[in-house]
Every structure is written in C-alpha cells, then in structure tokens.
Amino acid sequence: MATTKPATKLDEVHQAVDQLNEQVRSADALMQGVTVLLNEKMLKYNWVGFYMLEPGAQPPMLVLGHYQGAMTPHTRIPLNQGICGAAASSGKTVVVDDVSKDPRYLACSIETKSEIVVPVFVRGQVAGELDIDSHFPAAFMPEDRELIEYCARLVGKRLESEKASRASGAPGSTS
Ligand code: SME
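Every chain is numbered on its own, with residues counted from 1 as its sequence reads. Predicted model: local features are reported for residues with pLDDT of at least 70 only, side-chain atom pairs are reported and counted for 80 or more only, and whole-chain, interface and lining totals are derived from all residues. Working from all heavy atoms in the structure, the side-chain values ignore hydrogens and water.

## Describing the sheet that holds strand β1 (residues 47–53)
Argument step 1. Any two strands with at least two DSSP bridges between them are considered paired. Comment: elements are numbered from the N terminus, with helices defined as DSSP H or I runs of at least four residues and strands as E runs of at least two. The six strands lie next to each other as β3-β2-β1-β6-β5-β4, forming an open sheet whose pairing is antiparallel. Since the sheet does not close on itself, it has two edges, and those belong to β3 (76–78) and β4 (94–96), each with one partner. Adjacent strand axes in the sheet meet at a mean angle of 25°, parallel and antiparallel pairs treated alike.
Argument step 2. Where β4 meets strand β5 (residues 114–122), three bridges bridge the pair, whose relative direction is antiparallel. Fitted lines through C-alpha atoms serve as axes, helices being fitted only where they are in contact, and the angles separating the N-to-C directions of these axes extend from 0 to 180 degrees.

## Some remarks on the environment of Gly-156
Argument step 1. Tracing the backbone through its elements, the reader meets Gly-156 in helix α4 (residues 142–167).
Argument step 2. Sequence spacing of Gly-156 and Ala-27 is 129 residues, and the spatial spacing of their C-alpha atoms is 8.2 Å.

## Some points on the layout of surface pockets
Argument step 1. Considering only enclosed or pocket space, the largest pocket measures out at about 420 Å³ in volume.
Argument step 2. A 1.4 Å probe that fits into a set of points on a 1 Å grid over the protein atoms alone but cannot get out defines a cavity; an open set with protein on both sides within 12 Å along at least five of seven lines defines a pocket, and lining residues are those with an atom within 4 Å of a point. As for the largest pocket, its lining consists of 20 residues, and the residues nearest its centre are Met-52, Leu-53, Val-122, Ala-127 and Leu-159.
Argument step 3. Every element with two or more residues in the lining of the largest pocket is listed here: α2 (27–41), β1, β2 (61–68), β6 (125–134) and α4.
Argument step 4. Put simply, Ala, Val, Leu, Ile, Met, Phe, Trp, Tyr, Cys and Pro go in the nonpolar bin, Asp, Glu, Lys and Arg in the charged bin, and everything else, Gly too, in the polar bin. Grouping the constituent residues of the lining of the largest pocket by class yields 12 nonpolar, three polar and five charged. Grid points are joined across faces, edges and corners, and a volume is the space filled by probe spheres set on the points.

## Observations regarding the state of the cysteines
Argument step 1. Cysteine sulfur atoms are paired as a disulfide whenever they fall within 2.5 Å. Under the criterion given, the structure shown has zero disulfides.
Argument step 2. Left unpaired, Cys-108 is separated from the closest cysteine sulfur, that of Cys-84, by 8.9 Å.
Argument step 3. The structure places no disulfide on Cys-151, whose sulfur is separated from the nearest cysteine sulfur, that of Cys-84, by 16 Å.

## Some thoughts on the packing of helix α1 (residues 9–23) against α4
Argument step 1. Interhelical geometry of α1 versus α4 gives an angle of 5° and a closest axis separation of 11 Å. Considering the angle they form, α1 stands roughly parallel to α4. Contact residues: α1 offers Leu-10, Val-13, His-14, Val-17, Asp-18 and Asn-21, while α4 offers Glu-143, Asp-144, Glu-146, Leu-147, Tyr-150, Cys-151, Leu-154 and Arg-158. Angle categories: roughly parallel below 35 degrees, roughly antiparallel above 145, roughly perpendicular from 65 to 115, and oblique for all the rest. Whether two residues are in contact is decided by their heavy atoms, any of which lying within 4.5 Å being enough.

## Quick notes on the site of the ligand
Argument step 1. What makes a residue near a molecule or strand is one non-hydrogen atom of that residue sitting within 4 Å of it. Taken together, 13 residues lie near the ligand, and Ile-83, Cys-84, Leu-106, Glu-115 and Asp-133 sit nearest.
Argument step 2. Polar contacts here mean pairs of N or O atoms no more than 3.5 Å apart (in protein, one a potential hydrogen donor and the other a potential acceptor; neighbouring residues in sequence count only if both atoms are side-chain atoms). At 2.8 Å from an oxygen atom of the ligand is found a main-chain nitrogen or oxygen belonging to Cys-84.
Argument step 3. Relative to its free-state accessible area of 300 Å², the ligand is covered by the protein chains to the extent of 100%.
Argument step 4. If you map the ligand onto the pockets, it falls in the largest cavity.
Argument step 5. Within the residue set of the shell around the ligand, elements represented by two or more residues are β1, α3 (82–90) and β6.
Argument step 6. Here the element with the most residues in the shell around the ligand is α3; it accounts for three residues.
Argument step 7. The residue makeup of the shell around the ligand, split by class, is eight nonpolar, two polar and three charged. In this description, accessible areas are obtained by the Shrake-Rupley approach with a 1.4 Å probe, and a residue is regarded as covered only by the protein chains that are shown. Here the criterion for a molecule occupying a pocket or cavity is that more than half of its atoms lie within 2 Å of the pocket grid points.

Here it is, written out as structure tokens:
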C-alpha cells in the first residue's frame, strides 16, 4: 500500500508510530517501541518513559515502566507527588515550560528544563502516563502535545483490548 510522503518531522513521527502500532503484538511492546522512537526521532525529547498505576495498590502508586534516557531515582511516585502525580490524579495533560518554577517538580536530571506528562486511559480511567523531559526550556509546543497524546491514546486502546480479551477468556491475540 502506498503511503503519502510525510510533510513535516511530526508527520513522519506520526506515521512511524502508526507503523509501529501495526507491527507490535502487545501493549507492552508498543510502550517500549514508543519510548525508543520518540527519544530517537525527536531531538528535544531527552527522557521518555511510561509510569503505570500499580494494580490494586493502596494508596495508588505510579511505577516506572519502559523508558529511554538517564536513570531516574523516581521509580515509584505516589499520586500526591510530582508533575507525574498531578497528571495521573487530575487525568489531564500537564505541560511545564520551566521546571525550576514548578514546586511540584521532582528532579530527575539537573539538565531537565521542561516536561510534559500525558495520562493513558483505559475504559475512561487513568491507567498510567507517558512522561517526557527535555533539556530545552518550553520544548513542548501544541503539536508536540498532540503527538504525545496520540501515542498515549494508542497505548490506552491496546491495553483496553488486552483487558477485554483477558475478561472474555480468549487466548492471546495473534495479530
Ligand atoms: N519529573 C517527574 C518525575 C519523573 S522524572 O522526570 C523521570 C515529576 O515531577 O513527577
């Protein structure tokens, strides 16, 4: 099938994400692939990772999943802490242009200047989030936000269909 030539870098990355989503066999593989792709293709996305809500944890806890970039001390984040906690507890994307001015910010690297955290929804509930840090101030423009929210939606849909097939007792998807 012929694909149209991407007009911009962001279009190119959108296409690459769609292609990845068609190729991978699980939500886990999609999350891993998304972190690699965004970190490699987008120069300002210096740390890219998923935090997922620990099933059944009380109080709720975000646990670091697949990521690309420097090691972070924040492998477990309660919902009342950090930009990550703010995004998960509100169910809203949080964009911080200057992390040094945001008292919620939990430092991961002294090089980080700006951050975006986008919730991942499964059946309307927050299941986790996609977190991206940049060494550049105000790195996340509306078109970046759109791309990152798109990635988070794809992951949410994959998690949703895995949940549905587990609930119906169907064997693992072969597609
Ligand atoms: N900065 C995040 C913590 C995670 S690290 O950036 C990887 C926060 O404030 O929640």
